[in-house]
Every structure is written in structure tokens, then in C-alpha cells.
Amino acid sequence: MSARKTTTLSGKLMVCCLTMLCITVQYLHAQSFSIKGRVINYFTNEVMSFASVKWKLAGNGILTDSIGHFTIKKNNSQIDTLVVSYIGFEDVYRPINPKRDTTEIVITVPQVKVSQGVEVKAKFNKGLRWWKAIVAHKKENNPYQFSSYYYELYNKLELDINNIKKESFEKKKILKPFAFVLDNIDSTSEAKPFLPIFLTESLSDYYYSNNPLKVREEIKAVQTNGIKNETVMQFMGGVSQKINIYDEYITVFGKEFISPISNIGDRYYNYKGADTQTIGGQKFYHLLFTPKQEGSNTFIGDLWIHSITWAIQKVTLNISATANINFVHQLSIIQEFTQAATGKWVFAKDKFVADISPLKKDKFSFIGRKTSTYKNIQINQTFITEKLTSNKLKEEVIVNAGAKEKKFDTLRHEPLSLNENKVYTMIDTLKQMPVFKKYSNTLQFIFDGHKQLGKIEIGPWFKWFSGNQLEKIRLRFDLGTTARFSEHLRLFGYLAYGVQDEKFKGKAAFDYKLNHNESWNFKGSYTNDLDNGRIKYNEDDDATVDNLFSQLIRRQGIRQKFLGIEEYRATFAKEWPSRFAAQVSFANTNYVTFGQLPSQALFALKGDKVINSELSLKLRYAPGEKQITTRRRTLRLKSNLPVFEAKYSVAVSDLFRSEYNYQKITLFATQKFRIPRWGTIDYTAYGGKYFGENIPFMMLEIHPGNEIYYYNKNSFNLMNRFEYVSDAYGGFNVEYNFEKKLMNLIPFLRKSKARQFINTKMVWGDLNSANRSFNRLEFGNYRLKSLRGENYTEIGTGIDNLFKFFRIDLVWRLDPPFVIPAGSTLANNPQKFGIFGSFKLQF
């Protein structure tokens, strides 16, 4: 009986214990939960591998995996905050509510930390040893080491207007019509609204050989949508440049940055070995790097290094906060490499993201994103060299027939993101909106100066009203045709009126492109106007002083001097893909002098008119030069190679009433190149010789002077216009820009963006006795002068990039050593020192 009771009691006790255990387990299960998510870089949209994710209150944490995913548990259901940390970035805090956050979350890390550094107190450290090993193996790991290679290249390039707050779309009248973009943002990524303005994709076969250097890209498919203009294309050119982490120096928007794996990288970077991870069965080292000194052009970022070959598997570069580059508030470069079957490391993926803002940080800005992926990589194969033999140039890009009609749905190497899929629709919608067109046209009129009205355009507005000492008030109106009138033919001209001299002036011209690639060109014009301070260095330059601002900055005490020009001109030009160009031109010109200049009647051989007919052949060679061609002009983006020009001219008497005979040869060379770590040198060398006698001064070389306080790169800024004239001459301009090399030596200037430079301009000139006598040098109220076989020199220095736009030049004048007769008006002391200003948009 007692045994039976004992058994029953034991059974009840067991049931009770099991019940309590189940309740406890259920309770504990109810209190614990897991959160799944991804960590991505908001700026680049790249996943952040091995980022730290931990609970702020609970304290436990984990690392994200190689593709940015994580799963983190918590033992209770209390509300807590996830803290995400990654070297070089600000910590991110994400509150978590277990009842609300039941699906996968996306945590974006938006901001690069500007004050964080890697401090290494030991003289030798693990990170420094890793860096030395990378440098020792750079040659065999550099993908550009191969004699030749081929790959299929996929490029995606996007430009957006960024930092537009949601409230702005709702409250600001100017943005209300664009509120529809709020419906096209992926809310799960916490992204800000943006306006896409340009998107292009291309797929191509890419062939490369090292010796001799040849590149051939055959574009198989391409689609482009968005707004194209000169500024957009310049920006996209900066974004689309090639980057190679294995180079000693990396050029970004024309500025030189020290690579973290440069042979001298330890002078500029601190290195820290973070950890070791196994990815795909292979071991990789994680190396962190930060700048040693503020003000230098360096990066903050990290490297993943293959433990056996010491090759780079992935690198992330973020520019340092005090880097000497304008308007770039954030820039990230990501490169990934993969190991080929041969064991060699080759390209896998590149990503370049730049946030450009003309205003302050977190204000209106542009973001450019370029992604390149590489597939089917072949190394040192015979078909590559065979393909490159068809190249006529070192670098050729060919768009295959039908490339623009192909669909990208099955061609992309990686799918578009949710936002990217919506970009095409958003751009199409924007382009069809009348208000968007209105805003675009208004901005174009303000900054470009021209306004399109269907088949015609007016402007530039800043030349509508100006003044000078001859006309007092000058009124001008320009008119031209647009592409709606003709893709090949442009008609343009202007009508001007001087209030004081009561004379009409003007110009009528045409520009005809013989084919779509614009390699054949024919121009013609008739001009009847003042010369308006035109500079002879570049006869195609339309920079003149008849604008709204020129009289406000004239140097005091200098009488303006003008030539009246009535000219018929015709030009025929051809440019080849090699950037070799030839131009044949003819001009018939009737000269009239005004003001202090000698009367043209003194130089007329028959009657009282000075008329000249001149035939010219000009040759130009600009290797590596790229061009952005717009409706009105061609913007030339020079390479670091020199540009050469040669011109031969002959004046023919009795041709269209011409009275003069001479021959003229001019030579010109210019180049801008970088000295690694020490800035840039920009030089121009030129020379010329006239063969003939009794040539009026207006046909000779009038050395270019400048009579305003706006600094002119191509003039002598303390020389007056029409001060010196020569029939044989040679000279050079050279400027050395230290950038911030000297500024960085002074600690409190390291955060400054200012750049220092020095320059020298010198010209030698002479005039033969016949032309000296014919031009009555040093005779009359205004005496033309010859350099008499001596040199005129200007030296200068100054500060560039003040407030990102402005430049101040301090210039000293060194006159020729010859003696001017006492009592001559030439003995008046010219200005020996001057301060000049200028501004330009530059990175």
C-alpha cells in the first residue's frame, strides 16, 4: 500500500516538474528573439563585410558575413538598440522593437568619420609588416602586368541630384511638381529622395596590349537616358576615369592622391592589422589605413589581402576630409579582384562614387556612380593581338551596328537595384514635364548666357550692354540658329551700336559640318566692328572686352586703343581621329585706327586705306586630347602630352585690293604635366618670323597686353596693348603650381584649401630697319616700340583656390635694358607691380 502511494506521489511530482519545465522553456522562448539584417554603405550601396553589430544594452554582438548579412539573438524582448561600427565610419544606432521589426532589416552606414585615425604606438606593427609584403609582391599581382588581355566589360554610369529633403517637395513651390519622386524610393533602405538626370549602360569587348600600348573597345550594346550638357559631360568624364590601386599615385578629378600601397606609403599612412577571416576556404588579412597628416591628398579605408600571394582581393578608398580637392564632399572607390585559374589575380569589379556639391555639405549636390564589372577574362591569347592589329590609333572605341537597339534585360552582369530600375521611368517623366523644361532652360540661360526659342537662340546676355572710351555706351544683340534648324549648319551673328560714335557694327557668320562626326568643317564670316581687345595667341578665341563687367576692372590712367576691322574670312578644316588637324583659311581685312594709335593713312601704299589679303595653312597635333563638342564650340580636354601648332601665312598684293606682300611662320607648343608629389607645371613656348618689308604694325606681332585687373594667362598683364611690336620674336610662359606642398609645412594651414604657385613670362623681339622706319616707331603722341633684340619679362606668384573659386596674382614687370631718350613720352614710368584677380571652376 505504501509502495503504491509512493509511486503515485513520484508520478505526480514528475508531471509537475515537466509542466514547470515546459512553462519555463515557453517563457524563455517567448522572451528571446533573433533579428536578421544587412549592413550597407549608403553612399556606395555596397555591402559592408565584417562590420561589428552589437546590442547597446545586452552587450552581445557579432560580425556581418562576407556579403554583409547578420543574424543576432537577444535573450529578452525588451526594446534595445543595435550599434553598427566599422573602421572609418561613424557608429550607427538603430532602435529595435521586437513586435515591429519582424522582417529582415537594412541598416545603412551613411557618413565617413573624419576624425578617426589608426594610432600605432609600436615602432613595428603587424599592419606595417603586411603593407611591406604587399609592396614586395606588387609587380606580380598588378593586373596590368600581362602582355595582353581581353574581357567583357559592363559599365553603368548614373548622375543624380541629391540631398533634396522630403519636406522641400511638400513646402517649396519650386519642387512641388516633382513630388512624384517620393513614390519611387526604396523605403527599406532609408534612402533620401533624389532626382536622376543621367543614366547609361554599356556592354563591350575590351582588348588591351602592354607593348606596344594599344586599347580597343567594341561596344556591343548601349542605352542612355537623361540630360546632356557640357558641365554634365565634364563631370561624368571625371567619374569614368580608370583607377588602379597598384599605381604609385591615383589621379582623381585631376588631383594626385598617394596610393596606400605606394612604395612610399608609410610616409603618409598609419597601418593597422585588424583581423583574419576565412572566405571561401581561403584566409585573408584585413588591413586598415588612415592618413598620418592632415592636408595631404590621401585616403581612409581598408584592404583585404590574400594570405598566400599577398594580392589585394578588395580595397575601399575614401578621401580624407582635408584632402585638397574642391566640391567633393565624399568620394569612395572600391576595387575587387579575383584569382584566375592560372593563379594570377585579375579584375572583378570597380565602383566609383562621388558626391559633388557647389554649396556646403549636406546641401544640394550631385552624385555620380560608376560600376564596372569584368567577365570572360582571357590573358596573353593570340586572338587579342590579332584583334588589335586592326587599330589605326593607340586607343579606339567602336560602337557596333545595332548596339543602341539591344535590350539589357539579359545582358547585365548584375541586376539593377530597385531604385535603378525606376530611374529610367523617372527620367522619361521628368523630360516630358513642362515645368522641368522651364527650370532647365532658365538655369541654362543664367549660366550659359543663351536662351533657345525653337529654331533660334539669343544671347549671351552679358554682352547686351557694355561700355568703352570710344563708344561710351555699347548695345549688342546676338542671334543664332539651334539644332532644330539644322544638325549640320549653324547661322549666327550680332548687331551692335555705339552711342557716342553713332555707328552700327556687327557680324554675320555660318558654321557647316560636312558629316556627323564633325571631322570636316567649313566656316565663313563677315565682320565690321572694333577689335575689342582680342588676343592674338588664339585667333579662334572669342574672348573680348565688350561685356558687362570689363569697364569695372580697368587699370587706371590707360587710354583704350582700338582697331576697326572690316573683314571677310573663310576657313576649311579637317581633323583626323589621331587628333591631327589641318586648317586652310583666307582673310581680306580693311584696318582703321582710333584714339592714340597712328592713323592708318600713314601706312597706306595707295590711297588712305590699309587692306590686306592673307592665305594661311595651320597644322595642329594634340595626342591624347579628348573633346566635348557642343553646338557653339568644342571644349578641349588636354592630356599630359604636348600640343603642337605650326602656321604658314602669305599676304598677296593686288588680291581683292590688297597692297602688301610678306610671308609669316609661327610655331606654338603647350603642355601641362604633373611632377609626382610636387604639383604641376604648365608651359607655353612660341615663336614667329615675318619675311618682308613695309608691313604695317597691325599685321605684325603685337605682343598681347592686358589693361584690366582680371588676370590673363595668355597676356603680359603689366604691358599695355599696342606697346611692343615685332617681326621676329620668341617667348615662353611657364607656371609651377605647388598645390599644397608648401602650405602643409605650416600646421595651422593644413586644413586650408589654398594653393601656391610661381610663374614667369618672357618674350624676345626685334624689328628690321625697314619695318621700324615704315611704322615710324617712337614718333607721335603714341609711340609704338620695338624690343630691339632684348627681353621683356614678368614674374609672379600668388594664391590659387581661395574660397574654392578665386585666384590672386602678384606680378612684377622687368623692362628691357635699353635706354629711352630723356624728354620722350616713353620715359614715363610704367607700372612695375600689380595685383590681379581671376576666378574659375576647378576641382
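Computed from a predicted structure; not experimentally measured.

Engineer: Which residues make up the confidence of the model for the protein chain, and what values do they have?
Structural biologist: On average, residues of the protein chain score 81 in pLDDT, and 82% of them reach the 70 mark or higher. Of all helices and strands in the protein chain, the one with the weakest mean pLDDT is helix 5 (residues 230-239) (42), whereas strand 33 (residues 643-651) scores best (96). Contacts for the low-pLDDT stretch residues 1-7, under 50 throughout, to residues beyond four places or in other chains number zero contacts. Confidence drops under pLDDT 50 across residues 114-122; counting only partners more than four residues distant or on other chains, this segment forms 14 contacts.

Engineer: Outline helix 2 (residues 126-136), listing residues and values.
Structural biologist: The complete set of buried residues in helix 2 reads Gly127, Leu128, Trp130, Trp131, Ala133, Ile134 and Val135. Close packing links the buried residues of helix 2 with helix 3 (138-141), strand 13 (269-279), strand 14 (282-291), strand 15 (299-306) and strand 16 (312-319). By the N-cap criterion, in which a side-chain oxygen at the helix start approaches the backbone nitrogen of a residue two or three places on, helix 2 is capped by Asn125, the distance to Gly127 being 2.9 Å.

Engineer: I'd like to hear about the side chain of Ser525, residue by residue, with values.
Structural biologist: Relative to the elements of secondary structure, Ser525 occurs in strand 27 (residues 520-530). Classification of Ser525 by relative accessible area gives buried; the value is 17%. When neighbours within four sequence positions are excluded, Ser525 is seen to be in contact with Lys507, Ala508, Ala509, Glu567, Tyr568 and Arg569.

Engineer: Report on the sheet that holds strand 1 (residues 33-41), specifying residues and quantitative values.
Structural biologist: Spatially, three strands are ordered 4-1-7 in an open sheet, and the strand pairing comes out mixed. The outermost strands of the open sheet, each flanked by one partner alone, are strand 4 (69-74) and strand 7 (105-109). In this sheet, adjacent strand axes meet at a mean angle of 35° when their direction is disregarded. In this structure, strand 1 lies alongside strand 4, joined through six bridges in antiparallel fashion. What sits directly across from Ser34, in strand 4, is Lys73.

Engineer: Could you give an account of the pattern of salt bridges, naming the residues involved and the relevant values?
Structural biologist: Under the defined criterion, the tally for this structure stands at 33 salt bridges. Here Glu201 and Arg412 are joined by a salt bridge, their closest N and O atoms 2.5 Å apart. A residue pair is termed long-range when its members are at least 10 positions apart, and Glu201 in strand 9 (residues 195-209) and Arg412 in the loop between strand 20 (395-399) and helix 7 (418-432) qualify at 211 residues. On the accessibility criterion, Arg412 (18% relative accessible area) is buried. Asp529 is paired through a salt bridge with Arg474; the nearest N and O atoms lie 2.8 Å apart. Here Asp529 is found in strand 27, whereas its partner Arg474 is found in strand 24 (residues 474-481), with 55 residues between them in sequence. With a relative accessible area of 0%, Arg474 lands in the buried category. Salt bridges sharing partners connect three or more residues here, namely Glu471, Arg474, Asp501, Lys505 and Asp529.

Engineer: Tell me what's going on with the sheet that holds strand 2 (residues 52-55), and back it up with residues and numbers.
Structural biologist: Reading across from one edge, 3-2-5-6 is the order of the four strands in this open sheet, with antiparallel pairing throughout. If you trace the sheet from one side to the other, it starts and ends with strand 3 (61-63) and strand 6 (92-96), each paired once. With strand direction ignored, the average angle separating the axes of adjacent strands in the sheet is 20°. Sheet topology places strand 2 next to strand 5 (residues 80-85); four bridges connect them, and they run antiparallel. Considered in strand 5, the bridge of Trp55 is made with Leu82.

What counts as what
- Residues numbered from 1 in each chain as written.
- Predicted model: local features only at pLDDT ≥ 70, side-chain atom pairs only at ≥ 80, totals over all residues.
- Heavy atoms only, no water.
- pLDDT = per-residue confidence, 0-100.
- Helix = DSSP H or I, 4+ residues; strand = E, 2+ residues; numbered from the N terminus.
- Contact = heavy atoms within 4.5 Å.
- Buried < 20%, exposed > 50% of the residue type's maximum accessible area, 1.4 Å probe, protein only.
- Polar contact = N/O pair within 3.5 Å; in protein donor to acceptor, adjacent residues only side chain to side chain.
- Pairing = 2+ DSSP bridges.
- Axes fitted to C-alpha atoms, helices over the stretch in contact; angles between N-to-C directions.
- Salt bridge = Lys/Arg side-chain N within 4 Å of Asp/Glu carboxyl O.

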